[in-house]
Amino acid sequence: MAFSFRFIGVSILSCLLLLSSTATGDDDISRAAPANASSSCDNPYRMVLVKLWIDGTEHESIGGLSAAFGSLLSTDTKNAPRLPATYTKPLNGCSSSSFKLSGSIALALRGQCDFLTKAMVAQAGGAAGIVLINDQEDLVEMACPNNSTVSNVTIPVVTISKAGGDVIDKYISTGKKVEIMFYSPDRPIVDYSAMFIWMMAVGTIFCASFWSEFTTSKENDFNEQSPEVIAGGSREDDDKEILNITTKSAFVFVITASTFLLLLYFFMSSWFVWLLIILFSIGGVEGMHSCIISLISSKCKGCGRKKLNLPLLGEISILSLVVLILCVAFAIFWAATRKASYSWIGQDILGICLMITVLQLAQLPNIKVATVLLCCAFLYDIFWVFLSPAIFHDSVMIAVARGDKAGGESIPMLLRIPRVSDPYGGYDMIGFGDILFPGLLVCFAFRFDKAKKKNVLNGYYIWMIVGYGIGILFTYLGMYLMNGHGQPALLYLVPCTLGVCVLLGLLRGELKDLWNYDSESTRVADSLLEDA
């Protein structure tokens, strides 16, 4: 029995594909606004860096968010004072503190009274500023109560997450002297990481389109086995593993994914995220295994001839077994170190390999099915990012992607890369669904052009790739215009790919052929012509 993981990867990803069409963009809740507002209740919400000194030694910075009231923060460290941090007593900061706050930064916990009251109490106690520690892992927007437009608060007011508060408490509880400086540096309009995200997304689809060309030996003839056969399996077996998407499955996909997304939103926890990590790791191992084996077999046709007969696995080549062990080790290492600063590299490698494999095995038969699938995904993305707050008082897609209800744990089905020129750090990211859905259409265009023997400019593939790249640029433009709010990338990608394909088909008089195209019938017809 030949050893193959291929269909496992398709099955896993089919359950999570639409879920992984996460809102593309930053992992912060806000992009800095211009610091030109007055010190009233209309101040812009600005990202803040809370820099720590422990016993006189500079330590890490914690991300925060300024309030709609209080004084505006400096954009650099030159004019920002460095002051000792002191907890209020009571800790909620709702009444006068029994601890001396004069000349210090007050630390208060959220709850029992409104934010403005806490700030006014701290100011009355002589505090030079106040840091309000949230009881959740996100950053809350602090507005004046009862739609007030006037505030008597003249000290800076900042909120940090529960995790940030735990960091400060760790040092204070051990008797160390903690000093704080907060300031609000401006963020760059575009970070270099956006360019790398663009290259990874476009490059993944490009590689998936040409993968069979890259990995098929030119020396193979009709009577010779292909590299896939040598690696373990037959050409006939591979053809049976192709997942042909139908119109019905496209509708079912959206309904299932919406249900699963709601389950994640209401019941997500750290163990649930670990389940997703395990599923992603299994799919990533399959993807890496498939990509590596096909590459090696295309260059060395005899490498997979030596086989072993193992329990459960059946007959498997030694090459396949060795590669499998290495891939499993890589996935385990990534899962164990996924919170390290370099873990994004392993996640991106596993994800790209998985997507290349899926785009080889899942295929759109024609534009009719593509239209149903992409239009459903288009509406799905818009609803769960922009319209869901009207029902759930929160953007469900963004909340799940950020892991707001899982202790900050985020789902792994996305490509991410650290922002290099942003003072607040963080990651730019794009969901697998934002690559796979348009990628299915682009790969179809490649197969269609090849079957119809079209050249580059008269075909559809090159225009699909260009359209996809432009769609990603529009996504980041939308994110910039909306002050960093996560964007439903398919809002831009579907018109730039499917729209372009349909328009070209109309102009060339080929839309009917694209709409009803049947690749199987085309292969049979070509085979009959060759036999004749």
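None of these values were measured; they are calculated from a predicted model.

**Digging into the overall build of the protein chain**
(1) Moving on: Helix and strand counts for the protein chain come out as 18 helices and 14 strands.
(2) Moving on: Every one of the 532 residues in the protein chain was classed for burial, and the buried ones make up 52%.
(3) Moving on: Within the protein chain, residue pairs in contact and separated by at least 24 positions form 74% of the contacts whose partners lie at least 6 positions apart.
(4) Moving on: Within the structure as shown, the protein chain displays about 24,100 Å² of accessible surface, and the carbon and sulfur contribution to it stands at 63%.

**Some points on the sheet that holds strand β5 (residues 105–109)**
(1) Moving on: If you walk around this closed barrel you meet the seven strands as β2-β3-β7-β6-β5-β4-β8, and the pairing is mixed. Each adjacent strand pair in this sheet contributes to an overall mean axis angle of 40 degrees, direction not counted.
(2) Moving on: Pairing of strand β4 (residues 83–87) with strand β8 (residues 178–183) involves two bridges; the strand directions are antiparallel. When the sheet's bridge partners are listed, L83 is paired in β8 with I180.
(3) Moving on: Packed onto the sheet, helix α2 (residues 115–124) meets β5, β6 (129–133) and β7 (157–160) and runs at close to 145 degrees relative to β6.

**Observations regarding the nonpolar core**
(1) Moving on: Grouped together as the largest cluster of nonpolar side chains are 96 residues, with contacts concentrated most on L364, L441 and Y468.
(2) Moving on: In this structure, L364 is in contact with I245, V369, A370, L373, L440, L441, F444 and R447, ignoring residues within four places of it in sequence.
(3) Moving on: Counting residues in hydrophobic clusters, the runner-up holds 20 residues, among them V48, I105, V131 and I168.

**Thoughts on the packing of aromatic side chains**
(1) Moving on: Applying the stated criterion across every chain, the model contains 15 aromatic pairs.
(2) Moving on: Between F206 and F210, the ring centres sit 4.9 Å apart and the planes meet at 40 degrees, which makes this aromatic pair tilted. Placement of both F206 and F210 in helix α4 (residues 192–215) is noted, with a separation of four residues, approximately one turn of the helix.
(3) Moving on: Overall, the relative accessible area of 37% leaves F206 in the partly exposed class.

**Focus on the pairing of β6**
(1) Moving on: Most of β6 sits out of view: five of its five residues are buried.
(2) Moving on: Here β6 shows a buried face lined by G129, V131 and I133 and a second buried face lined by I130 and L132.
(3) Moving on: Taken together, the five bridges between β5 and β6 define a ladder with parallel strand orientation. Within the sheet, the bridge partner assigned to A106 lies in β6 and is I130.
(4) Moving on: A crossover connection joins β5 to the parallel β6 through α2; in handedness this β-α-β unit is right-handed.
(5) Moving on: In this sheet, β7 lies alongside β6 in parallel orientation, the contact comprising four bridges. Among the inter-strand pairings, L132 is bridged to a residue of β7, identified as T159.

**Some remarks on the packing of α4 against helix α14 (residues 433–451)**
(1) Moving on: α14 packs onto α4 with a crossing angle of 35 degrees between their chain directions and a minimal axis gap of 10 Å. The two elements α4 and α14 cross, and the hand of that crossing is right-handed. Contacts from A201, T204, I205, A208, S209, F210 and E213 of α4 reach α14 at I435, G439, V442, C443, F446 and K450.
(2) Moving on: Looking at side-chain class alone, the contact of α4 with α14 contains eight nonpolar, three polar and two charged residues.

**A few points about a nonpolar patch on the surface**
(1) Moving on: A surface patch of nonpolar side chains, about 830 Å² in accessible area, is lined by I189, V190, V466, I470, F474, L477, Y480, L481 and M482.
(2) Moving on: When you line up the elements, L481 lands in helix α15 (residues 461–481).
(3) Moving on: L481 gets classed as exposed once you look at its relative accessible area, which sits at 61%.

**Let's talk about the pattern of salt bridges**
Should the charged atoms of two oppositely charged side chains come close, the side chains can pair.
(1) Moving on: On inspection of all chains with the given rule, the structure shows twelve salt bridges.
(2) Moving on: Two residues, R187 and D422, come together in a salt bridge whose shortest N-O distance is 2.6 Å. Here the residue R187 occupies a position in the loop between β8 and α4, and D422 occupies one in the loop between β13 (414–418) and β14 (427–431), the gap between them amounting to 235 residues. With respect to class, R187 is no different from D422; both count as buried.
(3) Moving on: Of the charged contacts in the structure, one is a salt bridge between E213 and K450, with a shortest N-O distance of 2.5 Å. Placement of the pair is E213 in helix α4 and K450 in helix α14, with a sequence separation of 237 residues.

Rules and cut-offs
- Residues numbered from 1 in each chain as written.
- Predicted model: local features only at pLDDT ≥ 70, side-chain atom pairs only at ≥ 80, totals over all residues.
- Heavy atoms only, no water.
- Helix = DSSP H or I, 4+ residues; strand = E, 2+ residues; numbered from the N terminus.
- Buried < 20%, exposed > 50% of the residue type's maximum accessible area, 1.4 Å probe, protein only.
- Contact = heavy atoms within 4.5 Å.
- Areas by Shrake-Rupley, 256 points an atom, 1.4 Å probe, with all protein chains shown as cover.
- Pairing = 2+ DSSP bridges.
- Axes fitted to C-alpha atoms, helices over the stretch in contact; angles between N-to-C directions.
- Core = buried A, V, L, I, M, F, W, Y, C linked by side-chain atoms within 4.5 Å.
- Phe/Tyr/Trp six-rings, centres within 6.5 Å; stacked < 30°, edge-to-face > 60°.
- Right-handed = clockwise from strand over helix to strand, strands pointing away.
- Left-handed = near helix turned anticlockwise from the far one by under 90°.
- Nonpolar A, V, L, I, M, F, W, Y, C, P; charged D, E, K, R; others polar.
- Patch = residues over 30% accessible without salt bridge, like charges linked within 9 Å, V, L, I, M, F, W, Y side chains within 5 Å.
- Salt bridge = Lys/Arg side-chain N within 4 Å of Asp/Glu carboxyl O.

It is worth stressing that arrangement in space is one thing and function is another; only the former is reported here.
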